[in-house]
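As a plain string of letters, each chain reads:
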Amino acid sequence: MLDFFQAVSDGVLFGATYALIGIGFTLVFGVMHKINMAYAAASVGGAYAGLLVLQVMAGAPPWVVFSCAFLAGGLLGWMVYVTCFHFIPLSSPLAPLMSTVGMLLLIDEVIVHLTAGMPQAYPALFDDVMLSMGEFTLRGDLMLVFGVSVLAMIALLLLLYRTRLGLATRAVAQQPVAAQLCGIRLARVNVLTFVVTGLLGGLAGALVGASVGTLSPLLTVPLTIKGLIVTVIGGLGSIPGAIVAGLLVGGFENVLQLYRGVTERDLYVMLLLFAFLIFRPAGLFAPRGGH
Amino acid sequence: MDFYFGLAQLIGVHTLLGLSAYIVLLTGQVSLAQAGFFAVGAYVAGMLTVLAGWHIVPALGVSAMSGAAVACAVGFPALRVKGLMLVIATLAFGEGVRLFFFNFDYQIAKGEIQVGPLGGEGFRQIRFFPENGWETWEVMYFIWAIVIAAMALLWWFDRSRYGTVLRAVGEDELAAQSVGINLTAVKVSAMTVGGAIAGVGGGLYAHYTTHIEHLSFNILLATFAIAYPIVGGLRSVFGTLLAVIFVQGFLVEGLRFLGDWRNLLFGALIVLAMNLRPEGILGGRRRA
Amino acid sequence: MKKLALAVSLALAAGMAHAQTIKIAGFGAKSGVVRSFGINSEAALLAAADVINKAGGVKLADGSKAKMVVEFYDDRCNAEEGISVIRRIAGTDAVVAVGPTCSNVAEPLFGILQKKAGDAGDSGLQMPVFTDVAIKVGLAKISEWAFRNVPNEMTMYNSLFYWLRTQHPGLKTVYGGVEEDFAHSRATWYIVMKTRAEASGYEVLGTSKWLLADSNFATQVREMKKANADIIALSAHPFTTCGVLKEMQRQGVKPKLLVGLTSSSSLETLQGCPKQAEGIIIPTSFAPINKEANFAAKSTAKFKGAADLHSMAAWENMFILKNVMEAEGISGKPGDVQADRRKIRDGLARLKTTQGLMGVTKRDAEREADKPYLFVHAKKGEWKVLYNPL
């Protein structure tokens, strides 16, 4: 029985990483209605860029690396917008899907070229902190990741619902033409929202790197898939939904791994997704407002 | 010369993969499940020729039917999800198929060795072509005969009422429904045809690589499947063919002389292509 | 006039003799997580060719000397592309191909080669392939045109567990960790490590499993903690090995000994988790412990590659091929490419031993190698020799 609870808590804690990356995904896909397949790659790319700090200042404290990753993520977010969305007319919805796939491949290759594909050790915060209650243990660094997710959620909800940029973003997502008629500059709003989600992505990438302990190009595709699954289960556009879904998926997959083994684990995650698509297609928290 | 025959084989099989996504894309469904149907076709054809000793032609027939059957089964639930959700659902299905084969063992003894798929180890020694003395150019002709048949079928669909109906559904479901088009029949039938084509493509893939494993049918392959019709444009089947030649012929093999830059240019040129021609190389809408 | 014509033709002949080249094609992965393998193999091949050429080159059947020219192709660790590459190589005048890096490319690639050399009914490709890196057990027997110079993990782990038994008689139990979805690691645990540990008298308490790209090992390490084995053996590549080691540190799992997978005895593990990997013991077929090995490492470094068990196999391959070419008397003329390929294949098949950097390598009837090996362990961010059975 203890095994079960331990597996649940291990999984839920690791799910905090899915939650953090899921928030960005749900913003991009759900609020902006843009299919950005390069989001996780840009986040991991931001994390790698954070390592450049260590090249210049060996032994720099982790928060400096994370800040650099944060900023690099924003820059990459802007680049993805310019190369994949700015010049493509809204009437061609499939083209951005493909161009972001191209960006994902490009970012992956750049990472591989610069690091020769080798795993890079990532600085961690509290990675040896283990809270224990007898036999039962909880990872401290993942609780930090969860804390950051909650903070990010609060910050983003404030941004979306209490600022003009947030209002403009929601307007553009719902009715781009009407929004322009109201004087909202489409390009500027898009750039800013991509940069904001990119900043979050860079931070998410850095924290994922810190939790895993090493950065590798192997991380990009699984994170993309998890991000997409979490977005759907949580509800497209719902930030609290993304967090809950991330924790849920993390816990679920770990429990199934305990009982059914690692080769069948991902199959069950897919079945969970299908269950949601059939029985609750709007996700856990249907977003308020919007389409 | 052998190299060009081999490249032509590869382009042929990838064209089949692209065509299977093309017909589904016409109805407005972005399906990342084609690699899953491809995988089903590959394992079925491989098992029939290796374990049951069948000839390749009936084996491919059965793999087409199994691809179609699985696709039909997917087509119905797919009706309930739209847009991004469908993309994710089909991606999850494709991964599910891959994970199924990751866990699938079916071996029989042939002589002193065990043959057949063995889970994570894969399915090795699918050697129908070399064992029966097929030369590279003969395999190429065989593959292209099938590709041309598939292209002809889809070309004929495009010029017939069925094609117009498909595109009508793709353009505006509500309008299509309001003129009496049965959405279910159209979308599921397109998915089924796509599944059949992918099944044959998969069967051919298994035989010309001689060894398949679950990792061969990953998300990257699923993405390539829809990349071909999107980059090529939905105006006609030739768009898909051109896109396959562009990606596999030019980007992969043609740019080899650039050495390391080739890999970097791969993603960059796809981004560029989508910016320059967002409707695809041959363009999107058919005018009349 | 006659004297002038004679002089000109002699000069031309001399010029042509100097321009004689023998083309070797290298191929491997220069993309993705295995990019470093391709870079190192290419560097080793170029370095070896450089050394051989500086010493005069390869002696051809007609007595003249030819320079070795290496061209390297990137197959991106993709089966279809690997097949395309070998067909492309077969269409050039390269007489032999050295590669591939990835076992999942090697298996299909060997599958399209002619199964039995000279079988008129088999239309498979007739190109000798001499593998440097792809290490999954038992691949060369797929085709008589496939040869490998990779370490025999069965022998190495057999020797390692036996030696550990003698060095640490108090340790009795082993627990395994394996990447289930990667053919090489999976085969090495079940077929090699587990059986060899049991053969040396260890009790294998169990196995924890994960996937190649996994990053959460909490459950698996808990299983390890519970089993409390003396030795933990990890059949995994650097990314997940580092992940598991970090989780072990977190949960306070400290086995008496750690054993790792051959492929992880490279720079990657030390770059990813130097602290956690401290003390891990890995059997390997290369360490810079003698003059030849150091020379090979230095030469490869000149071409911007690192020397490890994989790239040094490529280096050895070049010298083995030179000897085979000279022993079989290849012509090097453009019209004799296929005949030369057949000669090289037959020559490689005839070899019973080859000279490796660590000592004499035995070759068996299934065209695999039995390389001399030694045990290294990670100490302070470097691989140091733990025990050299030679």
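None of these values were measured; they are calculated from a predicted model.

Q: I'd like to hear about the overall build of chain B, residue by residue, with values.
A: The secondary structure content of chain B amounts to twelve helices and two strands. Starting at the N terminus, the α and β elements of chain B follow one another as α-α-α-α-β-β-α-α-α-α-α-α-α-α. Radius of gyration (C-alpha) of chain B: 19 Å, near the 19 Å computed for a compact globule of 288 residues. On the principal axes, the C-alpha backbone points of chain B span a range of 65 × 45 × 30 Å. Burial analysis of chain B (288 residues in total) assigns 57% to the buried set.

Q: I'd like a rundown of the overall build of chain A, residues and numbers included.
A: The secondary structure content of chain A amounts to eleven helices and four strands. Dimensions of chain A, computed from the C-alpha atoms along their principal axes, are close to 65 × 50 × 35 Å. Among the 291 residues that make up chain A, the fraction classed as buried is 58%. Sequence-distant contacts, at least 24 apart, represent 75% of the contacts inside chain A between residues at least 6 apart.

Q: I'd like a description of unusual backbone geometry, backed by residues and values.
A: Residues and elements named next belong to chain C. Looking along the chain, the bond that leaves Gly-99 and enters Pro-100 is cis, with omega of -10°. The backbone phi angle of Arg-76 is positive, close to 55°, even though this residue is not glycine. Among the structural elements, Arg-76 can be located in the loop between β3 (65–74) and α3 (79–91). Accessibility expressed as a C-beta count within 10 Å gives 24 for Arg-76, which makes it buried. The phi torsion at Cys-77 lies on the positive side, around 60°, for a residue other than glycine. Checked against the element boundaries, Cys-77 lands in the loop between β3 and α3.

Q: Describe the interface of chain B and chain C, listing the residues and the values that go with them.
A: Counting residues at the interface gives 28 residues for chain B, matched by 24 residues for chain C. Secondary-structure elements contributing two or more residues to the side of chain B that touches chain C are α1 (2–26), α5 (128–131) and α11 (237–253) of chain B. Per-element tally for the side of chain B that touches chain C: the top contributor is α1(B), with five residues. Grouping the constituent residues of the side of chain B that touches chain C by class yields nine nonpolar, ten polar and nine charged.

Q: Please give an account of the sheet that holds strand β14 (residues 369–370) of chain C that cites residues and values.
A: Residue and element names in this part refer to chain C. Spatial strand order, β12-β13-β14: three strands in an open sheet with antiparallel pairing. Since the sheet does not close on itself, it has two edges, and those belong to β12 (353–355) and β14, each with one partner. Here strand β13 (residues 360–363) runs beside β14; their pairing, made up of two bridges, is antiparallel. Residue pairing across strands places Arg-363 opposite Ala-369, the latter belonging to β14.

Q: Report on the environment of B:Leu10, specifying residues and quantitative values.
A: Tracing the sequence through the fold places B:Leu10 in helix α1. Since 25 C-beta atoms lie within 10 Å of it, B:Leu10 is described here as buried. Setting aside residues up to four positions removed in sequence, B:Leu10 forms contacts with B:Gln248, C:Glu80 and C:Ser84.

Q: I'd like a rundown of the confidence of the model for chain B, residues and numbers included.
A: Taken residue by residue, chain B gives an average pLDDT of 91. The fraction at 70 or more is 99%. For this predicted complex, the interface score ipTM comes out at 0.90, alongside a pTM of 0.91.

Q: Hey, could you go over the sheet that holds strand β5 (residues 129–131) of chain C for me, with residue numbers and the actual values?
A: Residue and element names in this part refer to chain C. In space, the six strands of this open sheet follow the order β2-β3-β1-β4-β5-β6, with mixed pairing throughout. The open sheet has two edge strands, β2 (58–59) and β6 (146–148), and neither has a second partner. Note: strand β1 (residues 21–28) against β3, eight bridges, orientation parallel. Among the inter-strand pairings, Gly-26 is bridged to a residue of β3, identified as Phe-72.

Q: Just give me the short version of the pairing of strand β2 (residues 130–133) of chain A, but keep the residues and values in it.
A: The sheet contact formed by β2(A) and strand β3 (residues 136–139) of chain A spans four bridges and is antiparallel. Residue pairing across strands places A:Ser132 opposite A:Thr137, the latter belonging to β3(A).

Q: Break down helix α9 (residues 220–234) of chain A for me, citing the residues and quoting the values.
A: All names here are of chain A. Relative to the 21 Å expected for 15 residues at 1.5 Å per residue, α9 spans 21 Å between its end C-alpha atoms, a close match to the ideal helical length. Most of α9 sits inside the fold, with twelve of its 15 residues counted as buried. If you check which residues of α9 are buried, you get Thr-220, Leu-223, Thr-224, Lys-226, Gly-227, Leu-228, Ile-229, Val-230, Thr-231, Val-232, Ile-233 and Gly-234.

Q: Would you mind going over the interface of chain A and chain B in detail, with residue names and values included?
A: Taken together, the contacts link 35 residues of chain A with 30 residues of chain B. Taken together, the elements giving at least two residues each to the side of chain A that touches chain B come down to α3 (62–86), α4 (94–115), α9 and α11 (262–279) of chain A. Of all the elements, α4(A) adds the most residues to the side of chain A that touches chain B, at twelve residues. Considering only residue class, the side of chain A that touches chain B consists of 26 nonpolar, six polar and three charged.

Q: Describe helix α2 (residues 35–54) of chain C, naming the residues involved and giving the relevant values.
A: Helical periodicity: at 3.6 residues per turn, an α-helix aligns residues three or four positions apart in one direction. All names here are of chain C. The terminal C-alpha atoms of α2, which comprises 20 residues, lie 29 Å apart, in line with the 28 Å expected from a rise of 1.5 Å per residue. By the criterion of burial, α2 is predominantly enclosed, with 15 of the 20 residues buried. Within two residues after α2, Gly-56 carries a phi angle of roughly 120°, on the positive side.

Q: Report on the packing of α4(A) against helix α10 (residues 219–232) of chain B, specifying residues and quantitative values.
A: With their axes 10 Å apart at the nearest point, α4(A) and α10(B) run at an angle of 130° to one another. Accordingly, the angle class assigned to the pair α4(A) and α10(B) is oblique. Here the hand of the crossing between α4(A) and α10(B) comes out left-handed. On α10(B), the residues touching A:Leu94, A:Met98 and A:Val101 of α4(A) are B:Thr223, B:Ala227, B:Ile230 and B:Val231. Its residues placed into classes, the contact of α4(A) with α10(B) shows six nonpolar, one polar and no charged.

Q: Requested: an account of the packing of helix α2 (residues 39–56) of chain A against α4(A), with residues and values cited.
A: All names here are of chain A. Here α2 crosses α4 at 25°, and the two axes come no closer than 9 Å. Taken together, the axis directions place α2 and α4 in an arrangement best described as roughly parallel. Judged by the twist between their axes, the crossing of α2 over α4 is left-handed. Across the interface between the two elements, Ala-41, Ala-42, Gly-45 and Tyr-48 of α2 pack against Leu-104, Ile-107, Asp-108 and Ile-111 of α4. Considered class by class, the residues forming the contact of α2 with α4 number six nonpolar, one polar and one charged.

Q: Describe the environment of A:Ile35, and please don't skip the residues or the numbers.
A: Its place among the elements puts A:Ile35 in the loop between α1 (2–31) and α2. If sequence neighbours within four positions are ignored, A:Ile35 has contacts with A:Phe29, A:Pro96, A:Leu97, A:Thr100 and B:Leu84.

Q: Give a detailed account of the environment of C:Asp74, specifying residues and quantitative values.
A: Residue and element names in this part refer to chain C. Structurally, Asp-74 can be placed in strand β3. Of the residues examined, Asp-74 has 22 C-beta atoms within 10 Å and is grouped as buried. Counting along the chain gives 43 residues from Asp-74 to Ser-31, while the straight-line C-alpha distance between them is 7.7 Å. When near neighbours in sequence (up to four residues on either side) are disregarded, Asp-74 contacts Lys-30, Ser-31 and Gly-38.

Cut-offs applied
Residues numbered from 1 in each chain as written. Chains lettered and ligands numbered in written order. Predicted model: local features only at pLDDT ≥ 70, side-chain atom pairs only at ≥ 80, totals over all residues. Helix = DSSP H or I, 4+ residues; strand = E, 2+ residues; numbered from the N terminus. Rg over C-alpha atoms; globule rule 2.2 N^0.38 Å. Buried ≥ 20, exposed ≤ 12 C-beta atoms within 10 Å, placed from the backbone. Contact = placed C-beta atoms within 7 Å. Nonpolar A, V, L, I, M, F, W, Y, C, P; charged D, E, K, R; others polar. Pairing = 2+ DSSP bridges. pLDDT = per-residue confidence, 0-100. Expected span 1.5 Å × (residues − 1). Axes fitted to C-alpha atoms, helices over the stretch in contact; angles between N-to-C directions. Parallel < 35°, antiparallel > 145°, perpendicular 65-115°, else oblique. Left-handed = near helix turned anticlockwise from the far one by under 90°.

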